[in-house]
Amino acid sequence: MESLLVKESPLLLPLNKEKTVYDGFITVQERDFRIRILLPPDHQLKLANVLFQEVALKCRPECRSIPPPQYYSQLIIEMEDLGWDKLVSIDTEFRTLRLRAEDSSGRQHIVTVKLKPKHPVEAPWCSADLPVPLAMTWTPQSSLGHVHTQFLLLLESLAEFWAVLDEIDEKTWVLEPEKPSRADTMRRIAIANNVSIKVEVDTQHPKMLPECCLLGAEHVVTPLRNKLNANMHLWNPDCSILQNLRDVLEIEFPSPATHEKSSFSAECGICYAYRLESAIPDQVCNDPRCGQPFHQACLYEWLRGLPSSRQSFNIVFGECPYCSKPITVKMSTQKP
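A brief report on the enclosed structure follows. For clarity, every value in this text was computed on a predicted model and none was experimentally measured.

**What to know about the sheet that holds strand β6 (residues 96-102)**
Spatial ordering of the open sheet is given by β5-β6-β7-β8, a layout of four strands whose pairing is antiparallel. This sheet does not close on itself; its edge strands, each paired only once, are β5 (87-90) and β8 (125-128). In this sheet, neighbouring strand axes are inclined to one another by 20° on average, regardless of whether the strands run parallel or antiparallel. Examined bridge by bridge, β6 and strand β7 (residues 108-114) share seven bridges and lie antiparallel to one another. Bridge pairing links glutamate 102 to glutamine 108 in β7. Along the sheet, helix α3 (residues 69-82) contacts β5 and β6; its crossing angle with β6, the most-contacted strand, is approximately 10°.

Spelled out as C-alpha cells, the structure:
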C-alpha cells in the first residue's frame with residue numbers, strides 16, 4: 001500500500017512508523033488538494049477513512065456540493081432502466097444530461113435534465129424546445145424514466161400542432177422566423193413580393209382560425225383583408241391551416257417548387273440589407289408606383305430625423321425616402 005500511495009501521490013507522506021496515517025497533497029484534474037488518509041491495521045484503504053481537509057474546500061468551494069457515492073450509483077441504475085441509447089450527452093460533473101426522444105411522426109426531440117445533489121429526493125430542472133411549459137410531476141420515487149415518459153406524452157399532445165407547421169414550412173416560403181424551432185408558434189408566409197401574412201397558431205387548437213396579420217402596401221393588403229373578413233365563415237377545422245388560407249384568401253401561396261426565395265427578399269431601401277438582426281423589411285410605401293420596403297427601425301429613425309415629419313402618439317408621419325409620398329410608421333418596439 002505504501003509503494004502504491006507514494007507512486008501515485010508523491011506529496012502524500014506517512015505520519016507514523018506504522019504507516020497507517022498519511023497526510024499531504026493529491027492532484028486531481030490539475031488541481032492540488034490537501035488530504036488525510038487513515039488506514040486500518042491491515043493497511044487496506046477504505047472509503048470511510050478518507051477525509052478532505054479545509055485546504056481542499058478552500059481551493060475548491062464547489063466541493064461542498066459534491067453528491068455522495070449513492071448519487072452516482074442511482075444515476076447508473078436509472079440510465080440502465082431507461083436505456084443508454086436515449087443518452088445524447090452528459091457533462092463532466094454528471095449533473096446535466098441531454099436525453100433524446102422520438103415522437104410518433106419520427107421527429108427527434110431533446111430534453112435537458114439538470115439533476116440536484118440530493119437526487120432523486122429533489123426534483124430535477126428540465127427544459128426542451130417546446131411551445132408550452134415543460135411541467136414535470138416528481139416524487140422522491142421518480143426517476144429519469146418518469147421524466148422521459150412524461151416528455152413523450154407531452155410531445156404526442158403537440159403532434160397535430162407540429163404537423164400543421166411542418167406543412168407550412170414545406171409548402172410555402174416562410175420569411176420569419178429564419179430558422180424555425182419547435183418552440184415557435186408564428187410563421188410569416190410570403191404571398192407576393194413585399195406582401196405576406198403572419199399567422200399565430202394555437203398549440204391546443206392548431207387547425208382553428210389563427211390570429212392573422214397581413215403585411216404590405218395598403219393597396220395590395222386591403223383586398224386580401226376584405227376577402228379574409230368576407231370568407232371567414234368558410235373556415236373548415238377539419239382541413240389544414242394552409243388549405244383554409246388558400247380558400248379564404250382565394251390565392252395560391254408561392255412555394256419552393258414554383259418560386260425562388262430571392263423573389264421575396266427585397267432589401268430595405270435605407271440600410272440596403274434584407275435582414276437587420278432578426279428583422280426583415282415589413283414597412284412598405286403605399287404608392288403603387290413605388291412599393292419600396294423598409295425595416296421598421298430604419299424607417300422610424302429616418303423619419304424622426306426629418307424636420308418635416310410629425311408624431312402623433314406612437315405613429316410618425318413623413319415622406320417616403322424614395323418617392324416623397326406620405327408614409328407612416330409606428331415607433332419601434334424592439335426590446336433593449
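**Focus on the pattern of salt bridges**
Summed over the entire model, instances satisfying the criterion amount to 14 salt bridges. A salt bridge links aspartate 85 to lysine 86; its shortest N-O distance comes to 3.5 Å. Residue aspartate 85 is classed as exposed on the basis of its relative accessible area, which comes to 52%. According to the relative accessible area criterion, lysine 86 is partly exposed, its value standing at 22%. Salt bridges sharing common partners tie together Asp103, Arg107, Asp166 and Arg182.

What counts, and where the lines are drawn
- Residues numbered from 1 in each chain as written.
- Predicted model: local features only at pLDDT ≥ 70, side-chain atom pairs only at ≥ 80, totals over all residues.
- Heavy atoms only, no water.
- Pairing = 2+ DSSP bridges.
- Helix = DSSP H or I, 4+ residues; strand = E, 2+ residues; numbered from the N terminus.
- Axes fitted to C-alpha atoms, helices over the stretch in contact; angles between N-to-C directions.
- Contact = heavy atoms within 4.5 Å.
- Salt bridge = Lys/Arg side-chain N within 4 Å of Asp/Glu carboxyl O.
- Buried < 20%, exposed > 50% of the residue type's maximum accessible area, 1.4 Å probe, protein only.

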